[in-house]
Amino acid sequence: MLKNSFLNKEYWRFLNLHSAIKTDNHNNAALEEMYVQNLYYTKKHNDALQHLSSIDNKHLTDILLYYKIKILVQLKQIDKALEHITLFLSDYSDSDLLPYVQYDKKTIEITNEN
């Protein structure tokens, strides 16, 4: 049911079901990724960042790190976003998300030039 809520983009239903689960979700990467994506798409950027900050960087998957970068940019924490972009580029150079992170980096560079 939780996965169906995510796949059907039923954000509020997913978040309600997720909060009802009383387990340590940090051990379930797929659930963490779905949770953070739902927070991002419902524009709960501060909640998502707080949640991501509770996870050690070495335990962040490429998807979680990507969304952390996106959230930091949304919150205008550009220096932190650039730090995490550097981390992504070094740790996940073979990720399918690499072109998106490179695009975000280039966008930040262009925006900061002006």
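In this text, all values refer to a predicted model and were calculated from it rather than measured experimentally.

The rules behind the values
- Note that residues are indexed from 1 along each chain, following the sequence as it is written.
- Predicted model: local features are reported for residues with pLDDT of at least 70 only, side-chain atom pairs are reported and counted for 80 or more only, and whole-chain, interface and lining totals are derived from all residues.
- With hydrogens and water set aside, each side-chain value is computed from the structure's full complement of heavy atoms.
- Each salt bridge in this description consists of a side-chain nitrogen of Lys or Arg and a carboxyl oxygen of Asp or Glu lying within 4 Å of one another.
- Secondary structure elements are taken from DSSP: a helix is a run of H or I of four residues or more, a strand is a run of E of two residues or more, and numbering for both begins at the N terminus.
- For every residue, the accessible area obtained with a 1.4 Å probe (protein chains only) is divided by the maximum for its type, and the residue is called buried under 20%, exposed over 50%, and partly exposed between those limits.
- In the analysis that follows, any N or O atom pair within 3.5 Å is treated as a polar contact, provided that within protein one partner can donate a hydrogen and the other can accept it, and provided that, for residues neighboring in sequence, both atoms belong to side chains.
- Contact between two residues is taken to exist if any of their heavy atoms lie within 4.5 Å; hydrogens are not considered.
- Helix span is expected to be 1.5 Å times the residue number reduced by one.

Student: Would you take a moment to explain the pattern of salt bridges for this structure?
Tutor: Scanning the entire structure with this criterion turns up 2 salt bridges. Across the pair Asp 104 and Lys 70 runs a salt bridge whose closest N-O atoms are separated by 3.7 Å. Of the two residues, Asp 104 is situated in helix α7 (residues 98–113) and Lys 70 in helix α5 (residues 62–74); the sequence distance between them amounts to 34 residues. Glu 109 is the partner of Lys 105 in a salt bridge, and the nearest nitrogen-oxygen pair spans 4.0 Å. Taken together, the residues span about one helical turn, with Lys 105 and Glu 109 both in helix α7 at a distance of 4 residues. Note on Lys 105: relative accessible area 31%, which makes it partly exposed.

Student: What should I look at first to understand the side chain of Thr 61 in this one?
Tutor: Inspection of the secondary structure puts Thr 61 in the loop between α4 (45–53) and α5. At a separation of 3.2 Å, a polar atom in the side chain of Thr 61 contacts the main-chain amide nitrogen of Leu 64. Excluding residues that lie within four positions of it along the chain, Thr 61 makes contacts with Ala 29, Glu 33 and Tyr 92.

Student: How do you make sense of helix α3 (residues 29–41) when you look at a structure like this?
Tutor: Helical periodicity: at 3.6 residues per turn, an α-helix aligns residues three or four positions apart in one direction. End to end, α3 covers 18 Å across 13 residues, agreeing with the expected 18 Å (1.5 Å per residue, within 8%). Counted residue by residue, α3 has 10 buried out of 13 residues, so it is predominantly covered. When α3 is considered as a whole, its buried residues turn out to be Leu 31, Glu 32, Glu 33, Met 34, Tyr 35, Val 36, Gln 37, Asn 38, Leu 39 and Tyr 40. Following α3 by one or two positions, Lys 43 has its phi on the positive side, about 60°.

Note that every value here comes from positions in space, so none of it alone points to a role or purpose.
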